[in-house]
Amino acid sequence: MAQETLDVARVIEAQNVTLDSQGVPTLSQGVAKDRRISIEDADMRHGRKSRCNKIDGYKRHILKDLESGVVCAVALTRANTPESAATVDLERDLKFQNIHLAELHIDRAYLSSHWVTQRDDKLQIFCKAWPVRNSGRFDKNSFFLDWDTHLISCPNQVSIPFEPGKVVHFPASECAICPLRSGCTNSKRGRTVSIHPDEALMQELRVRQSTAIGRKNLRKRTTVEHSLAHIGHWQGNRARYIGQRKNLLDLRRVAVVHNLHVIARMDKVRPITPGIKSNSWTG
């Protein structure tokens, strides 16, 4: 027991204390990678939902049937774990119930999950695409991507090859004499365009969210926010137990309570249309 306590103390010392040039210990500046934040709980971590929104501890994830309102799967990850990693655990819950996804309503944090990157043609993805901007000049939407020939064409009809996940560099010589240059770029090296690894999906999502029906479908996922808020209210904002495994069990317990409330109001069983969402959970 004493040895375990000493090991924890050494880990915390290594992550928070450095030696200066004269060998004097000082507090480290910044945050160490995968920094341990709790002496008692080895699984808690620092994390961020955004640049301004910091979180500590864990993240809850739920997958909800948007038609019936039942939470079909849950996951608990460390606060510094990307949301997309939670879909592996969510899928494990679905397999036990023999549930197969036909539609997936998600936020952008899950776009890099295996459900999206390894999807088949039958799975429909509903999500807001990452925005494209270029300070008032031609943005990516002004360029045409031919997926048969893998050529990208600029507004002046100059075409060059592209690869998903790479940055396209248009020839500086072409950009220098282009009559549309002022509305495209001021770089002496020519215009560049970043191609998303799943750019075809991004284009599909942008087209869909530009229509009234597409925006209506995107709003369906707001009910997941409501269920997550209910679960968070019942469970509280502080972890009840030590360790990821026990706190996952507690999340499952509260999800069952949520489902009992839903079933009590349910008039009939409907097909599953899942949406997923996460929030923070501190210790």
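Residues numbered from 1 in each chain as written. Predicted model: local features only at pLDDT ≥ 70, side-chain atom pairs only at ≥ 80, totals over all residues. Heavy atoms only, no water.

## Details of the overall build of the chain
Inference 1: When its secondary structure is counted, the chain shows 8 helices and 13 strands.
Inference 2: The C-alpha radius of gyration of the chain comes to 24 Å, more than 25% above the 19 Å expected for a compact globule of 283 residues.
Inference 3: For the chain, the spread of C-alpha atoms along the principal axes amounts to about 75 × 75 × 30 Å.
Inference 4: Scored against the burial criterion, the 283 residues of the chain give a buried share of 39%.
Inference 5: A total of about 17,100 Å² of accessible surface is found on the chain, and carbon and sulfur atoms cover 53% of it.
Inference 6: Mean positive and mean negative side-chain charge positions of the chain (44 and 30 charges, respectively) differ by 5 Å. (Helix = DSSP H or I, 4+ residues; strand = E, 2+ residues; numbered from the N terminus. Rg over C-alpha atoms; globule rule 2.2 N^0.38 Å. Buried < 20%, exposed > 50% of the residue type's maximum accessible area, 1.4 Å probe, protein only. Areas by Shrake-Rupley, 256 points an atom, 1.4 Å probe, with all protein chains shown as cover. Lys, Arg positive; Asp, Glu negative; His and termini not counted. Charge placed at Lys NZ, Arg CZ, Asp CG, Glu CD.)

## Concerning the pattern of salt bridges
Side-chain pairs of opposite charge can arise where the charged atoms are in close proximity.
Inference 1: Using the criterion set out here, one finds 13 salt bridges in the structure.
Inference 2: Its salt-bridge partner being Asp 93, residue Arg 252 comes within 2.9 Å of it at the nearest N-O pair. You can see Arg 252 sitting in helix α8 (residues 244-265) and its partner Asp 93 sitting in helix α2 (residues 87-96), a full 159 residues away along the chain.
Inference 3: A salt bridge links Glu 204 to Arg 208; its shortest N-O distance comes to 2.5 Å. In this pair, Glu 204 and Arg 208 both sit in helix α5 (residues 199-209), 4 residues apart, roughly one turn of the helix.
Inference 4: Through salt bridges that share partners, Lys 140, Glu 199 and Arg 206 make up one connected network. (Salt bridge = Lys/Arg side-chain N within 4 Å of Asp/Glu carboxyl O.)

## Regarding the packing of aromatic side chains
Inference 1: Applying the stated criterion across every chain, the model contains 2 aromatic pairs.
Inference 2: Consider the rings of Phe 143 and Phe 170, whose centres lie 5.6 Å apart with planes at 45°: the pair is tilted. One end of the pair, Phe 143, is in the loop between β7 (124-126) and β8 (144-146); the other, Phe 170, is in the loop between β11 (167-169) and α4 (172-176), and 27 residues separate them in sequence.
Inference 3: Classification of Phe 143 by relative accessible area gives buried; the value is 5%.
Inference 4: Each ring, one from Trp 147 and one from Phe 162, has its centre 5.2 Å from the other, and the planes form 90°; the classification is edge-to-face. Taken together, the positions of Trp 147 in the loop between β8 and β9 (151-153) and Phe 162 in the loop between β10 (159-161) and β11 put the pair 15 residues apart, joining distant regions of the chain. (Phe/Tyr/Trp six-rings, centres within 6.5 Å; stacked < 30°, edge-to-face > 60°.)

## Some remarks on the pairing of strand β3 (residues 45-48)
Inference 1: Of the two faces of β3, the one lined by Arg 45 and Gly 47 is fully buried and the one lined by His 46 and Arg 48 carries no buried residue.
Inference 2: Direction of pairing for β3 relative to strand β4 (residues 54-65): antiparallel, over a ladder of 4 bridges. What sits directly across from Arg 45, in β4, is Gly 57.
Inference 3: Hairpin connection, β3 to β4: the antiparallel pair is bridged by 5 residues. (Pairing = 2+ DSSP bridges.)

## Some thoughts on the side chain of Lys 64
Inference 1: Inspection of the secondary structure assignment puts Lys 64 in strand β4.
Inference 2: Among buried Asp, Glu, Lys and Arg side chains, Lys 64 stands out as unpaired, with Asp 65 the closest opposite charge at 8.9 Å.
Inference 3: Reaching out from Lys 64, the side chain makes a polar contact with the backbone oxygen of Thr 223 at a distance of 2.9 Å. (Polar contact = N/O pair within 3.5 Å; in protein donor to acceptor, adjacent residues only side chain to side chain.)

## Some remarks on the environment of Gln 22
Inference 1: With respect to the helices and strands, the residue Gln 22 is situated in the loop between β1 (17-19) and β2 (25-27).
Inference 2: C-alpha of Gln 22 to C-alpha of Cys 154: the two residues are 132 residues apart in sequence and 58 Å apart in space.

## Re a positive patch on the surface
Inference 1: Where like charges cluster on the molecular surface, the positive patch consists of Arg 215, Lys 216, Arg 219 and Lys 220.
Inference 2: Counting through the fold element by element, Arg 215 comes out in helix α6 (residues 212-218). (Patch = residues over 30% accessible without salt bridge, like charges linked within 9 Å, V, L, I, M, F, W, Y side chains within 5 Å.)

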